[in-house]
Amino acid sequence: MQQQGRSGGGSEMEVTWEDQQNINSFSRLNNRIHDLDDEIKFAKEKCDNLEDAGNELILADEEMVRFQIGEVFAHVPRDEVETKIEEMKEATCKSLEKLEEEKESIMSQMAELKKVLYAKFKDSINLEED
């Protein structure tokens with residue numbers, strides 16, 4: 001007798017235009033988070049590789065070393081290569097920091113949207129990943 005007011009298996013809730021915009025926004029942010037995760041992983045690997053290359057260069061006893069430029073290797077003075085590797089490492093690490101800051105910003109935006117959407121839809125919406 002308690003279930004006479006319900007129709008079917010769940011409660012139907014009206015989704016307003018604003019609610020739909022919030023859901024769409026959450027979805028876009030979630031997709032961006034996945035893209036950022038890939039970009040962050042790639043940037044970390046590149047930063048580690050540049051660190052390793054710099055360490056290997058310190059151990060090298062040659063004045064001219066092979067340095068890859070595009071698809072070819074050129075013999076370049078060791079000092080120039082050390083400088084170039086440091087510049088590349090700094091740029092990559094700055095890029096990594098920016099990506100991580102963007103991810104934090106998006107995570108906070110997603111948390112706000114979750115609050116709004118869960119407050120209205122309660123168990124009728126699932127915003128968690130499996």
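Residues numbered from 1 in each chain as written. Predicted model: local features only at pLDDT ≥ 70, side-chain atom pairs only at ≥ 80, totals over all residues. Heavy atoms only, no water.

**Quick word on the pairing of strand 2 (residues 72-77)**
Item 1. Judged from the six bridges that link them, strand 1 (residues 64-69) and strand 2 form a sheet pairing that is antiparallel. Among the inter-strand pairings, V65 is bridged to a residue of strand 2, identified as V76.
Item 2. The antiparallel hairpin formed by strand 1 and strand 2 contains two residues in its connecting segment, where G70 sits at a positive phi of about 70 degrees. (Pairing = 2+ DSSP bridges. Helix = DSSP H or I, 4+ residues; strand = E, 2+ residues; numbered from the N terminus.)

**Some remarks on the UniProt feature "coiled-coil region" (unreviewed entry) in the protein**
Item 1. Sequence positions flagged by UniProt for "coiled-coil region" (unreviewed entry) are, in local numbering, residues 26-53 and 89-116.
Item 2. The span residues 26-53 shows a helical share of 100% and a strand share of 0%, and its end C-alpha atoms are spaced 40 Å apart. (UniProt positions renumbered as here; feature names shortened; annotations may be inferred.)

**Let's talk about the nonpolar core**
Item 1. Judged by nonpolar contacts, the single largest core of 15 residues is most densely connected at F26, I106, M110 and L117.
Item 2. Of all the secondary-structure elements, those providing two or more residues to this core are helix 1 (17-59) and helix 2 (78-121).
Item 3. Of the residues forming this core, the biggest block, seven residues, is contributed by helix 2. (Core = buried A, V, L, I, M, F, W, Y, C linked by side-chain atoms within 4.5 Å. Buried < 20%, exposed > 50% of the residue type's maximum accessible area, 1.4 Å probe, protein only.)

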